[in-house]
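Fold and geometry: a report
So you can see what is in the structure, the chains are spelled out below.
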Amino acid sequence: MTIDYNEIRELIKTLAATDISEFSLKSADLELNIRKGTVNTALGPLAAPLPVVTAPVAAPVVAAGPTPVPETPTAEPVAAAMDKKWLAITSPMVGTFYRAAAPDEPSFVEKNDRIRVGQTVCIIEAMKLMNEIEAEVAGQIVEIAVANGEPVEFGQTLMWVNPE
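Residues numbered from 1 in each chain as written. Predicted model: local features only at pLDDT ≥ 70, side-chain atom pairs only at ≥ 80, totals over all residues. Heavy atoms only, no water.

- The protein chain carries the name Biotin carboxyl carrier protein of acetyl-CoA carboxylase in an unreviewed UniProt entry, which gives Microcystis aeruginosa PCC 9809 as its organism.
- As stated in UniProt under Pathway (unreviewed entry), the record for the protein chain gives "Lipid metabolism; fatty acid biosynthesis."
- Heading Function (unreviewed entry) of the UniProt record for the protein chain holds this comment: "This protein is a component of the acetyl coenzyme A carboxylase complex; first, biotin carboxylase catalyzes the carboxylation of the carrier protein and then the transcarboxylase transfers the carboxyl group to form malonyl-CoA." (UniProt positions renumbered as here; feature names shortened; annotations may be inferred.)

1. Considering the side chain of Thr-120
- Residue position: Thr-120 is located in strand β7 (residues 120-126).
- A residue is classified by how much of its surface remains accessible, and Thr-120, at 16% relative accessible area, is buried.
- Here the side chain of Thr-120 touches Glu-132 through a polar contact of 3.2 Å, side chain to side chain.
- Discounting chain neighbours no more than four positions away, the residues touching Thr-120 are Phe-108, Val-109, Glu-132, Ile-133 and Glu-134. (Helix = DSSP H or I, 4+ residues; strand = E, 2+ residues; numbered from the N terminus. Buried < 20%, exposed > 50% of the residue type's maximum accessible area, 1.4 Å probe, protein only. Polar contact = N/O pair within 3.5 Å; in protein donor to acceptor, adjacent residues only side chain to side chain. Contact = heavy atoms within 4.5 Å.)

2. Comments concerning the environment of Ser-24
- Tracing the backbone shows Ser-24 in strand β1 (residues 22-26).
- Residues Ser-24 and Ile-34, ten residues apart in the sequence, show an inter-C-alpha distance of 6.4 Å.
- Setting aside residues no more than four positions away along its own chain, Ser-24 makes contact with Leu-32 and Asn-33.

3. Comments concerning the sheet that holds strand β5 (residues 95-98)
- Across the sheet, four strands lie side by side as β8-β7-β5-β10; this open sheet has antiparallel pairing. Either end of the sheet is taken by a strand with one partner, and the two such strands are β8 (129-134) and β10 (151-152).
- One ladder, built from two bridges, connects β5 with β10; its direction is antiparallel. Bridge assignment links Thr-96 to a residue of β10, and that residue is Pro-151. (Pairing = 2+ DSSP bridges.)

The following block contains the structure:
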């Protein structure tokens, strides 16, 4: 059985909208465990809930306590409610949001810029790796929802796009 990253993301979103608190899937070459729970606030404000996802395993996997499934952020910009056709560019991971490749470089995009599919719109730094985030839709940037250098969570809206 093969499952790709986008299928896992969709599964997590689907499970987050249900009362299911734990989901496990096992096959000969894949083991997937997803659990909902609470965030341990003793870890501080940067502690983010993450799904437990394990790839092909030769030996049994023992999880170290419950790991919650990320929730979709509830505090979305007021402007987003005004125009329902806008699409969100969301963070595919937990990390730090950067608008440019380096502090002395220009931003990848600015408000009102036109973007195309596949164009790099920002970077998310995660574990010292710089991950370029590419647009999945063509259109115009109507709002940048995160300040440069701020931490972001999985699924958090980074930008709003008015699609073409």
